[in-house]
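Listed below, chain by chain, are the residues.
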Amino acid sequence: MGRGWIWLCLLGGWAAQPQAARAADTINLIDLAELSGSGATVGTNFKNGADLAVDEINAKGGILGAKIVITHWDTQSNAGVAKALAEKALDAQPYALLGPGYSGSVKVVAPLAADAGVAEIMGGEAADLTRAGNKFLFRTSFGQQSSMPKIARYIADNLKAKTAAIVYVNNDFGKGGNDSIVKEFDKRGVKVLLDDSTEAGQADFSADALKVKAANPDVVFIYLNEEESARMLKELRKADVTKPLVGETTLIGQKVIELAGDAANGAIGHVGLTTDAPVPALKAYRDRFFAKYNYVPDHNGIKGYLAVYMIKAATEKMGKIDPKGLPDALHGLSISAAKEPGILLDVTIDGNGDLDRESFIGKVVDGKQVITEVLPKLNP
Amino acid sequence: MANFVALLIAGLATGALYALVAVGFTLMWQTSQTINFAQGEFVMLPAFFMLAAMNHGAPYWVALAIGVGLSLAILGLAFKRLLVDPMLRHGVLPLAIATMALSSFLKESVKTFYSAEASPFPSPAPSSDLRVLGVAVSWQSLAVLVAALSAVTLLQLGLSRTRIGRQMQAAAQNPTVAQILGLPVERLILYAFLLNAALVALASALVSPIYLAKFSNGETLGQAAFIAAIVGGFNQVRGAVVGGLLLGVVENLGAAYISDAYRDAIPLFVLVVVILFRPNGLVGRAEERTV
Amino acid sequence: MTGAAPGRIAIAAGLAVAAALIVAPLFLRRYGLYLVSDWAVMTIAAMGLNLTLGYAGQVSLAQGAFVGVGAYSAAILTTHGWPFATAMALALALSFAVGWALGYPALRVRHHYLAFVTLAFSTLAFLVFRNEAWLTGGVEGIDGVPRPSLFGWSMRPPLAYAYFCLAALALAAAATAWLIRSPWGRAFLALRENPLRAQSLGVDTRRYTLLAFAIGSALGGAAGALYAPLVGLVEPPAFTLALSLNLLMMVIVGGSGYFLGPFLGALIAVMAPEWLRAWENYYLILYAALVMGLLVISPTGILGLVDRYALHRMAAEASAARTALKPSIGES
């Protein structure tokens, strides 16, 4: 008789599974996100941003009257799993695919989406993703081929640096950035004295800081994730490195400033997507995100949010709900934040799926991020 | 030269952290042949208990007490009773795998129920630096070093000088005979687990200001503790300290002077060399074989 | 005798499962076919680990790295135009050789220190995959790994490749079964049960342990060679210690030392995210809790549990038979 209870419990558990809602006139989005494994922070933030966007849009009546239903599947930060899930997702014929965030996973998913004719709006930043001629792949942030030239130019022209030391994290995010910046430095005659790789999740940066100090470059380029950036800044301060420290969004975000404290002052960064920019729409987004999730979003949180609004803007331009027409509607689309507040910043999507958007040069002054320069769109 | 000293000191600071985590690991192996693959997560978890308490308004020291208390209850008592006791007599490996599952369980639980983001964690030590021999050492690192060494010294004294300590050692070396002699072997093993729970709670409070409280903290710390324990000598508490400090220093010097891209391999290289030439670790004694 | 019936039931069940495996892929769509292929590949790797762990009693923490070695070998060769057969041969040979090289000095020292050497190799392999971009494509890995052609038929369609993987699994299983029934296999078992006694009987424990480990690693390499065309991309993060630990968990959960253990363990590991998908966010927590619960109930894994139940039933039946016979025997 005891064993019967076990069967009842199992049956009950199986029956208690939450069922996915499926109505006739809905827009089904499937998000392939890194919810576990090394990319958990990336995927979770992307998911939260996307969910927030979906909630907002549905509250206002959906897209052209159709509600959005979004499901998130965990790729476990594994390209094989991402590929399998992509197959499964495409079997379900979604309106569009979101994610993944990891460039390796994007590389296996993109051809499948292209074969099926489904638009894929993802968070990967590797330069070569949009150079493969895939007409169905779209970015939500700058590719490294767009951001690195801007930084290199700033370092060579504004800071007048002749030599540089690079510290990067040795995964596809950091290595891709490193390869790009090394090429750009080469083009501009900036000599790389030190090209130092670090590990994701590394806690002790004293060795790296001392190597930088010994190299004595004109400028230090730092391309790490947020927590590691904070630790590196602290170590550089301890090692008495006084040269300019330049990086990207991950170097001068609010979280990094909080974690690094004093050591963050003076750091300079090129920021594409940040809730610290002096743009009211971004600040408002940060407040809404914080209200819902109780923490401040990083750039992945913004990417997820934008992906959904990009779909909304393109669908409204088409005037009908047509998954096959979505990729073409996205190509060449210019979305203005005045007309579509959800897009946060004016953006134009080009024929390769790359984005043209204004960006900022920021500097940490007295514990606050201050925008010192606005870099306009390439084609305003 | 100044660089070398700076690296050495920084390495010792990190090594002290590894030592603290490795000590409990060694203790559990010595007393009950438990290989705890979740040790890293054990260090990660108490910080979140403390953060949760602080979020509800508790001051630091109260939160610390709550963290230690919950750690004793969950990572000490519950862990032993629910997971270790039923499995121990079936050999080392199934329990080791179960602790692997446990580590995943704890990590994912924190990620889902608390946050996937890193949270700053307060430290009783000031966050500034001290200048020693022209080199900057952070007060926090010093605090870790002092705390780790004191904890281990106290532990070592406790194990060798007090009656209970010696009983624990006896129970570890030969549980059957100890039982015949009337020692409460089960209870002594429980003490070892509780001790580990206290140690990891302490380590958690020391580590989290530096590493920041994040659900994934356990991964690197766990592996480092494992290597430190083996290198130092798996059957000696002293070994954990030696192993930990050595590991921290070697990691740092290796990253600076040998290779940055292969820095993760250097501690393992040391591990392999040590066990090939000194199978019991640097400080370890030869284990008695039960035939 | 109650012994024969369970044997016949087992064979019938086995044939039914085999038939299901042959027929099922025809009814599956792309995702299902991927899962079947993935399960086959993981089972091959787990079978190798089972040989090392379950039969020879050695803990290897590098099986994931050997899968990587096989995957990269296959990727490098096939993207340069070499045929798949050559790639598979290299994967097998290289994994075997590396396994032998790793095991040789470690076993000279102490029986269970192979675990540590394999741990070191696991990290080293990952770093080599990631850092040596000239060979392995570095962080980005190697993309566009082609699927093989068999007698002119391309294995590119998911259905074809799924059958290819299943066939490979059948081959590997047959080879492993033959190995276990051979004198070598009996030597492995002797090693596991009582190494001292085996040694006293003249079994060269070191050589047989090394052989088991090398063959187990070779199977890992073979699995890797099949994995590369399945996903199409080989990149370093797929072959970290996490994969080795996952494979270890598969072997233990299925039942270490049982021939079908890896099949079951791989099935659970591959299908768990699917079965638990309804609980979305919580599925990993649930999976970990289930594994812990299973191990507490049965440290010898699922097949250990089945075995225990079967023994329990046999004992109960025998005891009932004895009781029934008591009056006629005249015992009081």
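Definitions and limits used
Numbering of residues begins from 1 in every chain and follows the order in which that chain's sequence is written. Both sets of labels track the order of writing: A upward for chains, 1 upward for ligands. Local features in a predicted model are, by the rule used here, given only for residues with pLDDT of at least 70; side-chain atom pairs are given and counted only at 80 or more, and totals for whole chains, interfaces and linings are based on all residues. Comment: elements are numbered from the N terminus, with helices defined as DSSP H or I runs of at least four residues and strands as E runs of at least two. Only the C-alpha atoms count toward the radius of gyration. The rule for a globule is 2.2 Å times the residue count to the power 0.38. Labels follow a simple rule on C-beta atoms placed from the backbone: if 20 or more others lie within 10 Å of a residue's own, it is buried; if 12 or fewer, it is exposed; otherwise it is partly exposed. By the convention adopted here, residues are in contact when the distance between their C-beta atoms, placed from the backbone, does not exceed 7 Å. Ten residues, namely Ala, Val, Leu, Ile, Met, Phe, Trp, Tyr, Cys and Pro, are considered nonpolar, four, namely Asp, Glu, Lys and Arg, are considered charged, and the remaining ones, Gly among them, are considered polar. Only buried residues count toward a nonpolar core: Ala, Val, Leu, Ile, Met, Phe, Trp, Tyr and Cys, linked into one set through C-beta atoms within 7 Å. Reported domain spans reflect what an automatic or database domain assignment gives. Multiplying one less than the number of residues by 1.5 Å gives the expected span of a helix. The pairing criterion for strands is at least two bridges between them, as found by DSSP. Note on method: axes are straight lines fitted to C-alpha atoms, helices fitted across the in-contact stretch only, with angles between N-to-C directions ranging 0 to 180 degrees. If an angle is under 35 degrees, it is roughly parallel; if it is over 145, roughly antiparallel; if it lies from 65 to 115, roughly perpendicular; otherwise it is oblique. Crossings are sorted by hand: turned counterclockwise from the far helix by less than a right angle, the near helix makes the crossing left-handed, and turned clockwise it makes it right-handed.

Here we look at the overall build of chain C
And step 1. What chain C contains, in helices and strands, is 14 helices and 4 strands.
And step 2. In terms of C-alpha radius of gyration, chain C reaches 22 Å, essentially the compact-globule figure of 20 Å for 332 residues.
And step 3. Dimensions of chain C along its principal axes, counting C-alpha atoms only, are 85 × 50 × 45 Å.
And step 4. The 332 residues of chain C split such that 50% are buried.
And step 5. Partitioning the contacts of chain C with sequence separation of at least 6, the portion at a separation of at least 24 is 75%.

Some words on the interface of chain B and chain A
And step 1. Counting from both sides, the interface comprises 27 residues of chain B and, opposite them, 23 residues of chain A.
And step 2. If you list the elements that add at least two residues to the side of chain B that touches chain A, you get helix H1 (2-32), helix H4 (92-113), helix H8 (185-211) and helix H10 (237-258) of chain B.
And step 3. Tallying contributions element by element places H1 of chain B first for the side of chain B that touches chain A, with 5 residues.
And step 4. In the side of chain B that touches chain A, the residues fall into 13 nonpolar, 7 polar and 7 charged.

Some details on the interface of chain B and chain C
And step 1. Across the boundary between the two partners, chain B contributes 28 residues, which contact 28 residues of chain C.
And step 2. The element contributing the most residues to the side of chain B that touches chain C is H4 of chain B, with 12 residues.

Re the nonpolar core
And step 1. Counting residues in hydrophobic clusters, the biggest one holds 336 residues, and the most contacted among them are Ala19, Leu20, Val23 and Ala228 of chain B together with Ile44 and Ala222 of chain C.
And step 2. Tallying contributions element by element places H8 of chain B first for this core, with 18 residues.
And step 3. Residue assignment places this core across two domains, with domain 1 (26-142 + 280-349) and domain 2 (145-271 + 359-375) of chain A each supplying three or more.
And step 4. Once residues within four sequence positions are removed from consideration, Ile44 of chain C is found in contact with Ala168, Leu169, Ala172, Leu219, Ala222 and Ala223 of chain C.

Considerations on helix H5 (residues 139-161) of chain B
And step 1. For H5 of chain B, built from 23 residues, the straight-helix expectation of 33 Å at 1.5 Å per residue is met to within 8% by its first-to-last C-alpha distance of 32 Å.
And step 2. Residues Gln140, Ser141, Ala143, Val144, Leu145, Ala148, Ala151, Val152, Leu155 and Leu159 of chain B constitute the buried set of H5 of chain B.

What to know about the sheet that holds strand E6 (residues 163-169) of chain A
Residue and element names in this part refer to chain A.
And step 1. The mixed open sheet is built from 7 strands, whose spatial order is E7-E6-E8-E9-E10-E14-E15. The open sheet has two edge strands, strand E7 (191-198) and strand E15 (368-375), and neither has a second partner. Ignoring which end each strand starts from, the neighbouring axes of this sheet average 25 degrees apart.
And step 2. Note: strand E14 (residues 359-365) against E15, 7 bridges, orientation antiparallel. Residue pairing across strands places Ser359 opposite Leu375, the latter belonging to E15.
And step 3. Packing against the sheet, helix H5 (residues 144-158) makes contact with E6, strand E8 (219-223), strand E9 (245-247), strand E10 (268-271), E14 and E15, and its axis sits at approximately 150 degrees to E10.
And step 4. Against the sheet, helix H8 (residues 226-238) contacts E6, E7, E8 and E9, and its axis sits at roughly 170 degrees relative to E9.

Brief notes about the sheet that holds strand E12 (residues 347-349) of chain A
All names here are of chain A.
And step 1. Pairing is antiparallel in the open sheet, where 3 strands are placed in the order E11-E12-E13. The strands lining the two open edges of the sheet, one partner per strand, are strand E11 (334-335) and strand E13 (355-357).
And step 2. Judged from the 3 bridges that link them, E12 and E13 form a sheet pairing that is antiparallel. In the strand pairing of E13, Val347 is matched with Arg357.

Overview of the domain arrangement of chain A
Residue and element names in this part refer to chain A.
And step 1. The domain boundaries assigned to chain A delineate domain 1 (26-142 + 280-349) and domain 2 (145-271 + 359-375).
And step 2. Here the C-alpha centroids of domain 1 and domain 2 sit 29 Å apart.
And step 3. Contact with domain 1, which involves 11 residues of that partner, is made by 13 residues of domain 2.

So, the pairing of E8 of chain A
Residues and elements named next belong to chain A.
And step 1. In terms of residue burial, E8 counts as a mostly covered element, since 5 of its 5 residues are buried.
And step 2. Here E8 shows no split at all, with Val219, Phe221 and Tyr223 on one side and Val220 and Ile222 on the other all buried.
And step 3. Sheet topology places E6 next to E8; 5 bridges connect them, and they run parallel. Counted as the bridge partner of Val167 is Ile222 from E8.

Brief notes about the environment of Gly222 of chain B
Residue and element names in this part refer to chain B.
And step 1. Mapped onto the elements of the fold, Gly222 is located in helix H9 (residues 217-232).
And step 2. On the basis of neighbour counts, which here come to 23 C-beta atoms within 10 Å, the residue Gly222 falls in the buried class.
And step 3. Taking the C-alpha atoms as reference points, Gly222 and Phe25, separated by 197 residues in sequence, lie 9.3 Å from one another.
And step 4. Not counting residues up to four positions away in its chain, the partners in contact with Gly222 are Phe37, Gln39, Gly40, Glu41 and Ser103.

With respect to unusual backbone geometry
All names here are of chain A.
And step 1. For the bond running from Gly99 to Pro100, omega is -5 degrees, close enough to zero to count as cis.
And step 2. With respect to the helices and strands, Pro100 occurs in the loop between strand E3 (96-98) and helix H4 (103-116).
And step 3. Non-glycine residue Gln93 carries a positive phi angle of around 50 degrees.
And step 4. Looking at the secondary structure, you find Gln93 in the loop between helix H3 (79-91) and E3.
And step 5. Positioned with a positive phi, Asn294 is a non-glycine residue whose angle comes to about 70 degrees.
And step 6. Note that Asn294 resides in the loop between helix H11 (280-293) and helix H12 (299-318).

Focus: H5 of chain A
All names here are of chain A.
And step 1. Spanning 15 residues, H5 covers 20 Å between terminal C-alpha atoms, matching the ideal 21 Å at 1.5 Å per step.
And step 2. Along H5, the positions that sit buried rather than exposed are Gln144, Ser146, Ser147, Met148, Ile151, Ala152 and Ile155.
And step 3. Here the buried face of H5 lies against E6, helix H6 (172-188), E8, E9 and E10.
And step 4. Taken from the residues just after H5, Lys160 is the one with a positive phi, measuring 55 degrees.

Description of the packing of helix H2 (residues 40-59) of chain A against H12 of chain A
Residue and element names in this part refer to chain A.
And step 1. Where H2 contacts H12, the two axes come as close as 6 Å, and the packing angle between them is 40 degrees. If you check the angle between H2 and H12, you find them oblique. The hand of the H2/H12 crossing is right-handed. For the pair H2 and H12, contact is made by Val42, Asn45, Phe46, Lys47, Asn48, Gly49, Ala50, Leu52, Ala53, Val54 and Ile57 and by Asn300, Gly301, Ile302, Lys303, Gly304, Tyr305, Ala307, Val308, Tyr309 and Lys312, respectively.
And step 2. In terms of residue class, the contact of H2 with H12 is made up of 12 nonpolar, 6 polar and 3 charged.

Remarks on the environment of Met292 of chain C
And step 1. Locating Met292 of chain C in the fold gives a position in helix H13 (residues 283-297).
And step 2. For Met292 of chain C, a count of 21 C-beta atoms within 10 Å puts it in the buried group.
And step 3. On a C-alpha basis, the gap between Met292 of chain C and Val253 of chain C in space is 9.5 Å, while along the polypeptide they are 39 residues apart.
And step 4. Among all residues touching Met292 of chain C, those that are not within four sequence positions of it are Leu83, Ala98, Ala101, Leu102 and Phe105 of chain B.

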